[in-house]
Structure formats: C-alpha cells, structure tokens
Amino acid sequence: PLGTGVSGCVGIGCEDFVRVESLAVFNDGSGSALYAGGNFRFAGTSLVNNIARWNGNSWSSLDGGVMSLGAVHALAVLDDGSGGGSALYAGGRFGHAGSTPSNNIAKWNGVSWSPLGGGVSGIVRALTVFDDGFGSGPAIYAGGVFGQAGGNAANFIAKWNGASWSQLADGVNGVVRAMTVFENGFGNRLALYVGGEFTQADGSPANHIARWQECGRSFLCSNPPVGDINNDCVVDLNDFVILAANFGAGPGATFSQGDLNGDGFVNLNDFIILAGNFGSTGN
C-alpha cells in the first residue's frame, strides 16, 4: 500500500464513489514523484481534494487540490514552452484549482496552479501530449464532454499550445475517453488516436475510434527534395527503406519505387542520389 491510500468524498453515501482515475510521474524540482488524481478528499491524513503527490514515503497536497464538485479524470506532463519548464496538467470536472478559477483543466508547476485560458465548457476525460509536426512543438490535447475550449467551438476534443485553444476540424460527435500517439500507418509520421463514444470524426463515419493528423506534410509536399520517395518533405531512412525494398526493379520502375533518376530501374545510381541528398528537406 501507499500509506493508507486515499479516502473520503463529498455528499451522503459518496464513499461508494471514492476512486483513483489517473496516475502520472512528474518532477516538480524536488525529485520525481507519483501524482494521483480522482475522486477523494484525503490522501493518507492530508486533505488533498482529488489530487495528491506521493514521494515514496508520504502524501501531500497540491495547494488544496481541485474543488467545486471536483474530480480529476486525467493527468499529463508537458513543457509547453511558455517558461518554467515542465508542468503537470490535470483535467476533470472542477471550477477551481487551489484558489484559482479554472474551468475543468489546470496546470501545476510544482508551486501553484494556473488556468489554461478559459478552459473547457465541460468534463475533461482524457489528456495526452502530441506534436503535430508543424514546428510548434508538443501540445496538450484534451478530450471529454464539452462543446467549447477557450470560448470557441470544439466538439469533444481540443488542442492547447501553451497560449491558446484550437479545435480539431469539426471534432467528433460523442464523448472522448482515451487518446494515445502512434504511427500514422505510413511509417513516417506520428498521429493522435482517439477513442470514445462517437460515430463520426470531422463528419465522416468513425465507429468509436479515429486517427487525427494535420493535413499537409504527412501526405503532401509542395517542394519535395530529390530523394523524398514517400513525399513527407524529408529525405531520410524511410526513403532508404523503400528504395532498398525495390532494389533491382525495372524496366519501368517508378519514382515511388525508388527510381530517382528516371531511367526505369532502381539500382546503385539511385542509392547514390539518395545518399547525396540524405537529410534534405522541402516544404
């Protein structure tokens, strides 16, 4: 056990609903610790309000936790580039984090809480970190039961870039409960995978699970460098693998098979071209 664990909640008979729903590891500057979020009032003997820190020996509060019918359903860790290094992000159902008004999502820097703009209009059920590959770096993605993020339309899922919220096209048409990051199916870019209680994603059929990635470099490159066989705007190992797999193809081999010089064959000459341009990028 971790001390005496967590206990207590608000309301008659609510002990039946005491639970931990999310865990994350975060270093607040005094060493890595385990953070637990859920629906509970106490961790050990400390009054913590739905989120607590376990340092390996004892529990402690994060400046009073989150309140107003609070519950923490999801945790994630990110350095959003706004200064101060990595922070712990907590999402759920709450109106305050510490003494700070925060609409269902907030950031803990190890000392104090801060809101994420105007937050979201409903419950956050899932959080994850994803870099869409367009140069802005990793961002927090929040999914759950809401129609707005930062006061703007966002159907059940939204992105926080450290300064503002944005929607993901038309989002999905039902609750988001899980998210993770995995290859986009082409082996050359990562994508965000979303699961939940929806049947459409951006207006297209998607039975409870869908993949999100920004349109553009994942598929189309307006000015590809020589050797960019898979059209992802960079000459890299993925292109080498394609060329190697088709080595010896021809006559009539295509560029997509690795015929970089247009002679209808995939051979050593194409390897030399790719090697000479290895690492080149386009736009």
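Before any of the text, the structure's been laid out above.
Presented here is an overview of the structure given in this document. (Residues numbered from 1 in each chain as written. Predicted model: local features only at pLDDT ≥ 70, side-chain atom pairs only at ≥ 80, totals over all residues. Heavy atoms only, no water.)

Attention now moves to the sheet that holds strand β16 (residues 139–145). The sheet built from four strands is open, its strands ordered β15-β16-β19-β20 with antiparallel pairing. The open sheet terminates on both sides in strands that have one partner only, identified here as β15 (123–130) and β20 (165–167). Between one strand axis and the next, the sheet turns through 30° on average, direction left out of account. Of the strand pairs in this sheet, strand β19 (residues 157–160) and β20 are connected by three bridges, and their pairing is antiparallel. Note that in β20 the partner of Ala158 across the bridge is Gln167. (Pairing = 2+ DSSP bridges. Helix = DSSP H or I, 4+ residues; strand = E, 2+ residues; numbered from the N terminus. Axes fitted to C-alpha atoms, helices over the stretch in contact; angles between N-to-C directions.)

In total, this model carries four salt bridges according to the counting rule given. Two residues, Glu21 and Arg19, come together in a salt bridge whose shortest N-O distance is 2.6 Å. Owing to a relative accessible area of 34%, Arg19 belongs among the partly exposed residues under this scheme. A salt bridge links Glu197 to Arg177, with the nearest nitrogen and oxygen atoms 2.4 Å apart. A residue pair is termed long-range when its members are at least 10 positions apart, and Glu197 in the loop between β22 (190–196) and β23 (200–201) and Arg177 in strand β21 (residues 176–183) qualify at 20 residues. (Salt bridge = Lys/Arg side-chain N within 4 Å of Asp/Glu carboxyl O. Buried < 20%, exposed > 50% of the residue type's maximum accessible area, 1.4 Å probe, protein only.)

Taken as a whole, this structure holds eight aromatic pairs when the rule is applied. Their ring planes at 50° and their centres at 5.4 Å tell us that Trp160 and Trp165 sit as a pair that is tilted. Across this residue pair, the class does not change: Trp160 and Trp165 are buried. (Phe/Tyr/Trp six-rings, centres within 6.5 Å; stacked < 30°, edge-to-face > 60°.)

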